[in-house]
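Survey of secondary and tertiary structure
Spelled out, the chains give:
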Amino acid sequence: MPFHSLGLDPALVRAATDKGYAAPTAIQAEAIPAILQGRDLLGAAQTGSGKTAAFALPLLQRVAAGGRHAPRRLRALILVPTRELAAQVGESMRGLAQHLTAPPRIAVAFGGVSINPQMMALRGGADIMVATPGRLLDLIDHRAVRLDAVDMLVLDEADRLFDLGFADELGRVLALLPARRQNLLFSATFPPAIQSFAEALLHDPVRVEVQSEAAGQPDIAQRAIEVDPGRRTQLLRHLVRDEGWARVLVFVATKHAAEIVADKLRKADIHAEPFHGLLSQGKRTQVLADFKASRVQVVIATDLAARGIDVVQLPAVVNYDLARSAVDHVHRIGRTGRAGERGVAVSFVSGATDAHFRLIEKRQGLNVPREQVPGFEPVEAAPPADKGTGGIKGKRPSKKDKLRAAAAR
Ligand code: AMP
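The structure contained in this document is the topic of the report that follows.

1. So, the overall build of the chain
Each helix and strand counted, the chain has 15 helices and 14 strands in total. Residues counted as buried form 52% of the 409 residues belonging to the chain. Sequence-distant contacts, at least 24 apart, represent 73% of the contacts inside the chain between residues at least 6 apart. When the accessible area of the chain is evaluated, it comes to approximately 18700 Å², of which 53% is carbon and sulfur surface.

Laid out in structure tokens, this is it:
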């Protein structure tokens, strides 16, 4: 189904075509006509499905059709969990709006940077705002923005908004919005808190589901490489060189590890940068820009980068440290294989973390064969499962041990 059959303004179709979107993704084909009709929508979709354009295109059309307000009053509010996602959604919307005869004014606001430029930018008014909830409330307190004319609300990555503790802020924002409005809620997962929140928020919503999370993403090949923890950096260096990955996003468990691993790679002449919450917003933006522009080949990140970040043509993600949960794992590997491109997600697994990885596999309904890379074969055994039952320290499990363990699973 082509874009122009969805009821979109030709200027928006042209902008989508300019971006290289040949045809709507599944979520766009379902969501765009429903949003244009003014329906509420519940989208079960992850970043990577094309969900930004799925809400941005019809929203731009509805705001543009509403004509100018004088003074400009905010008509559409998009709440997102992270600064990076706010910047990304804002940029994407501006690109999609560019051919409209009267493009809506789009403001972007997020914390971690000075509020003054954001207040200045709002002086002339804005039609659409993309914001993180905390900074939005700050701007409201400074009387830089009012919500009383908002008739379209988007909650993007609602599960993440809750995870990050934004529930109270959301409640405050909702209380300031007019009761009559169109609501769109997107979430990758639906734990009970999100379900009941969505039920209270949405009126007779159209439900759009793109690919169940448990099924994993078919265009991502998953690999699990067995390696001892102490040799992971060397293996990573080897893979970056050997696999010919133009860009790699590597996930580690701590900010400290991000710094150390990036440092070691740099010493081996690989352009690597850490990415974590202790870096200034300016530095974080710079790292992502350098990554996109291929000035940086490897980014070593904490889970801060697991959601929201969209680096087109990211061929590989490496889990240097495994994700804490299966849901986090899905978000991490979703950074690759986006919008029809093929990606690879490599997880480093050791004797000590194998059981945890098995849990992730089970949740995803997957069975990822274990590989070993010549020269990096692990020699450390798994720690004993139960203290006192007599695991032999330093002994590698034999093939028989492994078979026995597999049968016991
Ligand atoms: P999102 O899920 O919104 O983060 O989008 C993921 C990626 O898909 C982004 O790089 C978009 O530019 C891209 N994208 C969105 N819609 C389409 C489309 N219809 N065709 C091809 N790529 C798309």
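2. Describing the nonpolar core
The biggest cluster of nonpolar side chains holds 46 residues, and the ones touching the most others in it are Ile78 and Met93. Among the elements that take part in this core, helix H3 (residues 51-65) stands out by supplying 8 residues, more than any other. Once residues within four sequence positions are removed from consideration, Met93 is found in contact with Ala56, Leu59, Leu60, Ile78, Ile106, Ile128 and Val130. Formed by 32 residues, the second largest nonpolar core is a distinct cluster that contains Leu139, Leu155, Leu177 and Ala198.

3. Concerning the sheet that holds strand E11 (residues 298-301)
Sheet architecture is open: 7 strands sit in the order E10-E11-E9-E12-E13-E8-E14, paired in parallel fashion. Pairing within the sheet leaves two strands with one partner each, and these edge strands are strand E10 (272-275) and strand E14 (370-371). Sheet topology places strand E8 (residues 220-226) next to E14; 2 bridges connect them, and they run parallel. Bridge pairing in E14 places Ala224 opposite Arg370. Helix-sheet contacts for helix H12 (residues 281-292) involve strand E9 (248-251), E10 and E11, and the interaxial angle to E10 is about 140°.

4. Remarks on the packing of H3 against helix H4 (residues 83-97)
It is the contact of H3 with H4, at a shortest axis distance of 10 Å, that shows an interaxial angle of 50°. By the angle between their directions, the pair H3 and H4 is classed as oblique. Remark: the crossing between H3 and H4 carries right-handed chirality. In this structure, H3 contributes Thr52, Ala53, Phe55, Ala56, Leu57, Leu59 and Leu60 to the contact, and H4 contributes Val89, Ser92, Met93, Leu96 and Ala97.

Rules behind the numbers
- Residues numbered from 1 in each chain as written.
- Predicted model: local features only at pLDDT ≥ 70, side-chain atom pairs only at ≥ 80, totals over all residues.
- Heavy atoms only, no water.
- Helix = DSSP H or I, 4+ residues; strand = E, 2+ residues; numbered from the N terminus.
- Buried < 20%, exposed > 50% of the residue type's maximum accessible area, 1.4 Å probe, protein only.
- Contact = heavy atoms within 4.5 Å.
- Areas by Shrake-Rupley, 256 points an atom, 1.4 Å probe, with all protein chains shown as cover.
- Core = buried A, V, L, I, M, F, W, Y, C linked by side-chain atoms within 4.5 Å.
- Pairing = 2+ DSSP bridges.
- Axes fitted to C-alpha atoms, helices over the stretch in contact; angles between N-to-C directions.
- Parallel < 35°, antiparallel > 145°, perpendicular 65-115°, else oblique.
- Left-handed = near helix turned anticlockwise from the far one by under 90°.

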